[in-house]
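# Understanding the architecture of this molecule
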Amino acid sequence: MGRDRPVGVRFLRPNISIAPIGAFYGTVTVMAPESDDPNATRVIAEGHWQQGPPHELFKRLRGTCPVHWSDGVDEYPTEAGYWSVTRADDVHTVSRDWETYSSASGITVVSDAVMPVELISSMFIGMDPPKHDRLKALFQRGFTPKRIAEHEDEIRAIAVGVLQGLADRERCDLVADVAQPVVSRVIGSFMGIAPEDDEPWAVLMNAMVASGDPDLNPEGPEAIMQSQVPLIFERCQALIAARRETPGQDLTSVLVHAEVDGEKLEEHEIVMGFFLLMAAGNDSTKATYTSAMRALMENPDQRDLLLAEPELVPSAVEEALRMFPAFSHFRRTATRDTVLSGVQIRKGDKVALWYPSSNRDETRYKDADRFDVRRNPEHQAFGAGGRHFCLGTALARLELRVLLEETLVHFPAMAIDGGVTHVLSPFANQLKTLPVRL
Ligand code: HEM
């Protein structure tokens, strides 16, 4: 697998701007190497990610080098290299073995360089058991399918309100005009945020999660710790103070009053818990919904199927999650020397789990690149089981179903009308713009 081989690859643009795509995920981009040799490839190189995940590269890796070593990240000479796990079975193995593969040293390929790992580890996504399990359990009660199902009418009313607001328009941008306001209000209502604050929160969260994207974070990645994080703390502290005074039914109140191991959470743990839910709620569903709508517009036969048989929408949701997982990777760190599919992994090595790859693993899916609303597949968009399996699956599925149903009812003939752009990121797998004719 060439871990120790000299790579000897010349990069096309040596002084590329640092683009940590998610501050709390701390991802980074560099240009693609000129070589086609998979052993010489750095998977998160920017050149691979211009149009979203590099599916051809992943196919090659699955076929020839499924547990693959990238030897470093140009912009951060101190950052070590990382393993890329590209097959579904291996992603499954790593996800389930938290004792060998820890989440406590960073959750994306590059973390420390952007945000201190201590901050990331204040969120339960960046913890290992037992603390992880205790904190997660606090929230799980609020996220069961039954509890989430109780919100369907409310979520539908939000989606319908936003779609009806477009009635007089001929065109819109599906990301900015539909997906963003809907997901912001849904997660905002869960967290206890006032509707008028949805937009400033969304701007802040987008800048964080897509911090390397000049449109979403014009101040540049360096500003994350200097301006975004303090702003988030400031806004969040006001909310925390209010909930301390008067607890409500929202998740912020849960965090403020939670006790773990007999102790209340520290202020920064509350803020980061809040941040985790806001980030997950703001970006993920938005990403999969817009990519699903794009696929339906590009495959009119599939859209006709859904229009004729709306009961297929839940299956279409699973297919969209499979093909367009909202997060391209999460990372673990080996706690001991181990072997994965015959490859020696050393204690301390970073291990990236690539969901856009595992979700198109040809040993699991026939014709894996085809968008088939009847497929109703199992997939790893929410992770592959294990302790960190997504907390928000029921909410995400409900939001996606309602959004697809209502969009198809309100605008059955919607068509792409202009340039579709991707957020440039090896972490956040989402469209930046999706202009449509209504
Ligand atoms: C399309 C929608 C979504 C996708 C694709 C998605 C995907 C993921 C993935 C891949 C993980 C990490 C799994 C792992 O490391 O093994 C994760 C974790 C998590 N997700 Fe989601 N997610 C989505 C929606 C949501 C929503 C709506 C929420 C809640 C508001 C949410 C909250 C979380 C939380 C709190 C974690 C951390 C769980 C833990 O560490 O135990 N997610 N999600």
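Throughout this document, residue positions are counted from 1 along each chain, in the order its sequence is written. It should be noted that, the model being predicted, local features are given only for residues of pLDDT at least 70 and side-chain atom pairs only at 80 or more, the latter also being counted only at that level, while totals for whole chains, interfaces and linings use all residues.

Another point: the overall build of the protein. When helices and strands are tallied, the protein shows 15 helices and 14 strands. When the 438 residues of the protein are sorted by exposure, 48% land in the buried category. Put simply, of all contacts in the protein between residues at least 6 apart along the chain, 70% involve residues at least 24 apart. The numbering of helices and of strands both runs from the N terminus, where a helix is a DSSP run of H or I of at least 4 residues and a strand a run of E of at least 2. Residues are called buried when their C-beta atom has 20 or more other C-beta atoms within 10 Å, exposed when it has 12 or fewer, and partly exposed otherwise; all C-beta atoms are positioned from the backbone. By the criterion used throughout, residues are in contact when their C-beta atoms, derived from the backbone, lie within 7 Å.

The next thing to look at is the site of the ligand. The criterion for a residue being near a molecule or strand is simple: its C-beta atom, placed using the backbone, must lie within 6 Å of it. In the region of the ligand, 28 residues are neighbours, and A280, S284, G383, C390 and G392 sit closest. When residues of the shell around the ligand are assigned to their parent elements, the largest contribution, seven residues, is made by helix α11 (residues 267-298). Here the nonpolar group is Ala, Val, Leu, Ile, Met, Phe, Trp, Tyr, Cys and Pro; Asp, Glu, Lys and Arg are the charged ones; every other residue, Gly included, is treated as polar. For the shell around the ligand, the residue count by class is 17 nonpolar, nine polar and two charged.

Taken in spatial order, the five strands make up an open sheet running β1-β2-β10-β7-β3, and their pairing is mixed. Edge positions in the sheet fall to β1 (67-70) and β3 (101-102), since each has one partner strand and no second. To get an axis, a line is fitted to the C-alpha atoms, and for a helix only the part in contact is used. The angle between two axes follows their N-to-C directions and goes from 0 to 180 degrees. Those strands touched by helix α2 (residues 88-96) are β1, β2 (82-85), β3, β7 (329-334) and β10 (350-354), and its axis lies near 125° from that of β10. Two strands are said to pair when DSSP picks up at least two bridges between them.

Helix span, as expected, comes to 1.5 Å for every residue beyond the first. For helix α15 (residues 393-410), spanning 18 residues, the distance from its first C-alpha to its last is 25 Å, which sits close to the expected 26 Å at 1.5 Å a residue. What α15 keeps buried is the set L395, A396, L398, E399, L400, V402, L403, L404, E406 and T407. Looking at the buried side of α15, the elements it contacts are α5 (145-149), α6 (152-164), α7 (174-191), α11 and α13 (313-323).

What follows deals with the sheet that holds strand β4 (residues 171-173). Within a sheet, each strand pairs with its neighbour through backbone hydrogen bonds, oriented either parallel or antiparallel. Taken in spatial order, the three strands line up as β4-β14-β11 in an open sheet, and their pairing is antiparallel. Across the chains shown, the open sheet's two edge strands, defined by having one partner strand only, are β4 and β11 (415-416). In terms of strand pairing, β11 meets strand β14 (residues 435-437) through two bridges, oriented antiparallel. Across the sheet, residue I416 finds its bridge partner in β14, namely V436. Here α7 sits on the sheet in contact with β4 and β14, set at roughly 65° to β4.

Here the focus is the pairing of β1. On β1, burial covers both faces: V67 and W69 on one face and H68 and S70 on the other are all buried. Looking at chain direction, β1 and β2 are connected through four bridges and run antiparallel. Each bridged residue has a counterpart across the sheet, and for S70 the counterpart in β2 is Y82.

As a further point, take the packing of helix α8 (residues 198-209) against α11. For any two helices packed against each other, the geometry is given by the interaxial angle and the distance between the axes. Across the interface, α8 lies against α11 with an axial gap of 10 Å and an inter-helix angle of 90°. When the axis of α8 is compared with that of α11, the two are roughly perpendicular. Across the interface between the two elements, W201, A202, M205, M208 and V209 from α8 touch M278, A279, N282 and D283 from α11. Partitioning the contact of α8 with α11 into residue classes produces seven nonpolar, one polar and one charged. Geometric relationships in this document are graded by angle, where less than 35 degrees denotes roughly parallel, more than 145 denotes roughly antiparallel, 65 to 115 denotes roughly perpendicular, and other angles denote oblique.

Turning our attention to the confidence of the model for the protein. When the pLDDT values of the protein are averaged, the result is 86; 88% of them are 70 or greater. By definition, pLDDT measures how confident the predictor is in each residue, and it falls between 0 and 100. Low pLDDT (under 50) marks residues 1-34, which in the prediction has 120 contacts with non-local residues, meaning those over four places away or in another chain.

The next thing to look at is the packing of α13 against α15. Between α13 and α15, the least distance of the axes is 9 Å, while the angle of their chain directions is 115°. In the crossing of α13 with α15, the sense of the turn from one axis to the other is right-handed. Contacts between α13 and α15 involve V313, P314, A316, V317 and A320 on the former and, on the latter, R397, L400, R401, L404 and E405. Of the residues assigned to the contact of α13 with α15, the class counts are seven nonpolar, no polar and three charged. Note on convention: near helix rotated counterclockwise from far helix by under a right angle means a left-handed crossing. Clockwise means right-handed.

Here we take up the nonpolar core. Of all hydrophobic cores here, the largest spans 115 residues; its most connected members are V85, V182, F274, F275 and M278. Contacts of F274, omitting those with residues within four sequence positions, involve M191, C236, T252 and L255. Any nonpolar core is a set of buried residues, restricted to Ala, Val, Leu, Ile, Met, Phe, Trp, Tyr and Cys, that join up through C-beta atoms within 7 Å.

The subject of this paragraph is unusual backbone geometry. Of note, the bond from P129 into P130 is cis; its omega dihedral lies within 30 degrees of zero at 5°. With respect to the helices and strands, the residue P130 is situated in the loop between α3 (117-120) and α4 (131-140). Here the phi dihedral of S341 falls at roughly 50°; this positive angle occurs in a residue that is not glycine. With respect to the helices and strands, the residue S341 is situated in the loop between β8 (338-340) and β9 (343-345). Residue N376 is not a glycine yet carries a positive backbone phi of 45°. Topologically, N376 is positioned in the loop between α14 (355-358) and α15.

Right, let's talk about the environment of R346 for a bit. Note that R346 resides in the loop between β9 and β10. Given 11 C-beta atoms within 10 Å, R346 falls into the exposed group. Put simply, R346 and T333 are 13 residues apart on the chain and 9.4 Å apart in space, counted from C-alpha to C-alpha. With residues up to four places along the chain from it excluded, the contact list for R346 reads A334 and D337.

With that settled, consider α8. If you check α8, its first and last C-alpha atoms are 16 Å apart, about what 12 residues at 1.5 Å a residue would give, namely 16 Å. Listed in full, the buried residues belonging to α8 are D198, W201, A202, L204, M205, N206, A207, M208 and V209.

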